[in-house]
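# An overview of the molecular structure
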Amino acid sequence: MHLFASLSGLLGFIDALAFLPPAIAQDRTTEEGEAQITDPNVECSPYTYPPVAQAENQFPPLWTVATILPGDTAAQNRYNSIQGHIPNIPPKGTQPQSLSGDFSGFSYPSNDPDCWWTFDHCDNPKIPGIPTDITTVPEPGTLGYGFDDGPNCSHNIFYDFLQSQNQTATMFYIGTNVMSLPLEAQRALADGHQVCVHTWSHRYMTALTNEQAFAELYYSKTSLEIIKLVIGVTPTCWRPPYGDVDDRIRAIAQAMGLRTIIWQYDSSDWLGNATVTDANYQALINAATSGTFDDVGTIFLTHELMNFTMSEAISWYGNLTSAFKHLVPVGVALNTTNPYVEDGYTLPSFAQYVNGTHVGSIAESVNGTTSNTSTTVSTASHTATTTSSTPTATRNAAQILPIDSVGWVVITAALVGGILSA
């Protein structure tokens, strides 16, 4: 799975960067101010957010496999406290190739003793006490609506669209992206979306050691971890990149208070291929209109990853709302009204959502520090002036990836094998 189909495609992307216009000076100090920007070249220009800059040495390097940092006694103590819950299952494959999903040469029993999703889409753990993966939602005719790999630096027009439709979703955020784009990450909570963990560096989790897997979740999630630092909340849900999970990784996540969410249908939008993506959207809609979800709803894998994936989400939104009775965040479909560890942050129940209450309440938060005051978030908190109602639908390479320090690291990673796709 690669970001670019070929080296020539990557080189063409790099060549296109030379023609980007210079970014316009902008006040980049608050979530509300950042949400007003709709020029992708301005959105994707680097900025400094002091709380993140001051804590930079407390996190792993961007896009590297996380490990417990030297001297981080809090992380080490937390890891020590969960080791007794981790089953004796070795990592899959051999690093470094296994980190990007190359498990060639790895011998694994055909009876799938570890409930390895990558092997046969097993989602019902073999080890007692580990919850079944969430792949569907219990509400009939309902789509658990969400997006992986955010925040994307150019997502404002997409989030504006969701807001214009009074639509919220579950956002599976990568820790590295949150650290690089903190104000964009804050918008998810401000707009009433549910935030879940999508690891620190987006690698195949079953390829990692126990400590690495712990660190990938720890530095993305709580305490000094980046989502807590930037957004002010501690998620209780996560999605393994590529769906790659087994009972060892599930146990680590469970010990850290995270419920595993996978999917039932896949858009494959990360490929950037309209023919493939459109066919997958249509297949989901056909299933919905034929009664497949009349008893139990479903979850569809889509991405915030790039302009194309967000444009596709907008293009197909009307068809989805026609085919399904309800589009709701996964947490809403599960009636998870308290989606974070902290008090004061709620999601509406499913009944509340379908009756028009699409946003819960959040405690006032400044730089990740919450007060006890709880206020209802308005669904019209951002009224940015836009020149287009949707992200540009063109596949112009210069708009596909965030053009900031993260973008450059992703470009480098693509040279040796892509790391983002699910």
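Details of the structure are given in the entry above.
Rules used in this analysis
- Residues numbered from 1 in each chain as written.
- Predicted model: local features only at pLDDT ≥ 70, side-chain atom pairs only at ≥ 80, totals over all residues.
- Heavy atoms only, no water.
- Buried < 20%, exposed > 50% of the residue type's maximum accessible area, 1.4 Å probe, protein only.
- Helix = DSSP H or I, 4+ residues; strand = E, 2+ residues; numbered from the N terminus.
- Pairing = 2+ DSSP bridges.
- Disulfide = S-S within 2.5 Å.
- Axes fitted to C-alpha atoms, helices over the stretch in contact; angles between N-to-C directions.
- Parallel < 35°, antiparallel > 145°, perpendicular 65-115°, else oblique.
- Left-handed = near helix turned anticlockwise from the far one by under 90°.
- Contact = heavy atoms within 4.5 Å.
- Nonpolar A, V, L, I, M, F, W, Y, C, P; charged D, E, K, R; others polar.

Side chains of strand β5 (residues 194–197) alternate between two faces, with Gln194 and Cys196 and Val195 and Val197 buried alike. Note: strand β4 (residues 170–173) against β5, four bridges, orientation parallel. What sits directly across from Met171, in β5, is Val195.

Scanning the model with the defined rule gives three disulfides in all. Disulfide partner of Cys44: Cys153, at an S-S distance of 1.9 Å. Disulfide Cys44-Cys153: the torsion about the S-S bond is 85°, which places it as right-handed. Taken together, the residues Cys44 in the loop between α3 (40–43) and α4 (50–54) and Cys153 in the loop between β3 (146–150) and α7 (156–164) connect sequence positions 109 residues apart. Just as Cys44 is buried, Cys153 falls in that class too. A sulfur-sulfur distance of 2.0 Å marks the disulfide that ties Cys115 to Cys122. Taking the sign of the S-S torsion, about -100° here, the bridge from Cys115 to Cys122 comes out left-handed. Just as Cys115 is buried, Cys122 falls in that class too. Ordering the disulfide-forming cysteines of the protein chain by sequence position, one finds them joined as 1-4, 2-3, 5-6.

Our focus in this paragraph is the packing of helix α10 (residues 210–221) against helix α12 (residues 247–255). Contact pair α10 / α12: the axes reach a minimum separation of 10 Å and the direction vectors enclose 45°. With respect to their mutual orientation, α10 and α12 come out oblique. Seen along the crossing, α10 lies across α12 with a hand that is right-handed. Only Arg248, Ile249, Ile252 and Ala253 of α12 make contact with α10, whose side of the interface consists of Asn210, Ala213, Phe214 and Leu217. Grouping the constituent residues of the contact of α10 with α12 by class yields six nonpolar, one polar and one charged.

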